Amino acid sequence: MRIIVADCSAEYSGRLNASLPPAKRVLLIKADSSLLIFSELGSYKPLNWMAAPCTIREITPETSEAPEDDASSDALTSGGAGADADTSSLEESVAAEGAAADSIESAEHVEKVLRVTSDKGSDVLEVTLYHVYSDQSYDLGVDPGLIKDGVEDHLQRYLAEQIERIGKGAKLVRREYPTAIGPVDIMAINADGEHVAVEIKRHGGIDGVEQLTRYCELLNRDPLLAPVHGIFAAQTITPQAQVLAKDRGFTCLILDYDDMKGTEDDSLRLF
């Protein structure tokens, strides 16, 4: 990981043209050559970036001095009629030298240019660095990845262990009950001895209700299982999904993950 703090500007060309005027910013260059530009304010999202796969080139402008023009030097030191005859050419030489000096001066203000090109398209991100305050590289090693708490698998495991949350007297048949169109999250038997298919989501929407509908329609074709009831369980369920679930004859169950996990919520509550 390379982190650069610098005064910089940026130009992005491709599917969308965008530019960043000169300012002090942080550049993040990852091992896959992707480059992200951040400012002091704002959220986690960068101002601009080029994602992998891409190729990055570091360009350092040339700042060598312009060669001295002998003819111009001679003209400046000569006098008399010769000087009058070469006045126009002398002015042109001085103007050319002045332009060259300006070019060198502007080039000295640019320390380097980072040019990042997409390997899958014509997109180009070019970052011009005028002054680099810090340029550090770090080997972060192999990252184990984000470990999420409260995902569907956790909800499924806790509900299977606490199966009576779907109804008193309920018993677990098995998790991931296999069907021809995919596994049902939980298959259980209620207090009346009838099968119950439970579909679990973190945030329940209409798609989840439709999925439970397909499972129940298939399971109810088996005379050894029918009648199979459906329960749609989630931490949150949209109003539209609740209406559809009720219309399909399903029960909606709101899961309190902290309660299921056995942890106390110490956060302050107004109500």
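Up top you'll find the structure we're talking about.
My aim in this report is to walk through the structure given alongside it, one point at a time. (Residues numbered from 1 in each chain as written. Predicted model: local features only at pLDDT ≥ 70, side-chain atom pairs only at ≥ 80, totals over all residues. Heavy atoms only, no water.)

### A closer look at the sheet that holds strand S8 (residues 171-177)
For the record, the criterion: Should DSSP find at least two bridges between two strands, the strands are taken to pair. Labels follow the DSSP assignment, with helices taken as runs of H or I lasting at least four residues and strands as runs of E lasting at least two, numbered in each case from the N terminus. Only the contacting stretch of a helix is used when fitting its axis, a line to C-alpha atoms as for every element, and angles between N-to-C directions run 0 to 180 degrees. Working rule for contacts: check all heavy atoms of both residues, and any pair within 4.5 Å makes them a contact.
Strand order in the open sheet formed by 5 strands is S8-S9-S10-S11-S12, and the pairing between neighbours is mixed. Each edge of the open sheet is held by one strand with a lone partner, namely S8 and strand S12 (251-254). The mean inter-strand angle of the sheet, taken between neighbouring strand axes irrespective of direction, is 30°. Examined bridge by bridge, strand S9 (residues 184-189) and strand S10 (residues 195-204) share 4 bridges and lie antiparallel to one another. Note on S10: the bridge partner recorded for Ile-189 is His-195. Against the sheet, helix H4 (residues 152-161) touches S8, S9, S10 and strand S11 (228-237), its axis set at about 145° to S10.

### Digging into the side chain of Thr-213
Spelled out, the test is: Summary of the burial criterion: residues with accessible area below 20% of their type's maximum are buried, those above 50% are exposed, and those between are partly exposed, where the area comes from a 1.4 Å probe applied to protein chains only.
The topology assignment puts Thr-213 in helix H5 (residues 206-219). Its relative accessible area of 9% is what places Thr-213 among the buried residues. Discounting chain neighbours no more than four positions away, the residues touching Thr-213 are Arg-248 and Phe-250.

### So, the packing of H5 against helix H6 (residues 239-247)
Going by this rule: Angles are sorted into four bins: roughly parallel if under 35 degrees, roughly antiparallel if over 145, roughly perpendicular if 65 to 115, and oblique for all others. When the near helix sits turned anticlockwise from the far one by under a right angle, the crossing is termed left-handed; a clockwise turn instead gives a right-handed crossing. Gly is placed with the polar residues, together with every amino acid not listed as nonpolar (Ala, Val, Leu, Ile, Met, Phe, Trp, Tyr, Cys and Pro) or charged (Asp, Glu, Lys and Arg).
One can describe the packing of H5 onto H6 by two numbers: an axis separation of 8 Å at closest approach and a directional angle of 20°. What the angle tells us is that H5 and H6 run roughly parallel. Handedness of the H5/H6 crossing: right-handed. In contact with Ile-206, Val-209 and Glu-210 of H5, H6 contributes Gln-240, Ala-241, Leu-244 and Ala-245. Looking at the contact of H5 with H6, its residues break down into 5 nonpolar, 1 polar and 1 charged.

### Focus on the pattern of salt bridges
Filter applied, for reference: A pairing counts as a salt bridge when a side-chain nitrogen of Lys or Arg comes within 4 Å of a carboxyl oxygen of Asp or Glu.
Across all of its chains, the model carries 9 salt bridges by this definition. Beyond isolated ion pairs, a larger network of salt bridges with shared partners links Arg-2, Glu-58, Lys-112 and Asp-135.

### Remarks on unusual backbone geometry
Note the cis peptide between Ala-52 and Pro-53, where omega equals 0°. Relative to the assigned elements, Pro-53 resides in the loop between strand S4 (48-50) and strand S5 (54-59). Each neighbour pair has its own omega, and for Ala-226 with Pro-227 the value is 0°, a cis peptide bond. Along the polypeptide, Pro-227 turns up in the loop between H5 and S11. Positive phi is not limited to glycine here, since Ser-33 has a value of about 80°.

### Re the sheet that holds strand S2 (residues 18-29)
Pairing is antiparallel across the open sheet formed by 7 strands, whose spatial order is S4-S3-S2-S1-S7-S6-S5. The open sheet is flanked by S4 and S5, the only strands paired with a single partner. If you compare each strand with its neighbour and ignore which way they point, the axes differ by 30° on average. Sheet analysis places strand S6 (residues 112-118) next to strand S7 (residues 124-137), joined by 6 bridges and oriented antiparallel. Paired with Leu-114 across the bridge in S7 is Val-127.

### A word on the side chain of Thr-128
When you line up the elements, Thr-128 lands in strand S7. Discounting chain neighbours no more than four positions away, the residues touching Thr-128 are Asp-7, Cys-8, Ser-9, Val-110, Lys-112 and Val-113.

### Things to note about the pairing of S11
Extensive coverage of S11 is indicated by the burial of 7 of its 10 residues. Bridge analysis of S10 against S11 gives 9 bridges, and the strand direction is parallel. Among the inter-strand pairings, Ala-197 is bridged to a residue of S11, identified as Gly-230. When S11 meets S12, the two strands line up parallel, connected through 4 bridges. Counted as the bridge partner of Ala-234 is Ile-254 from S12.

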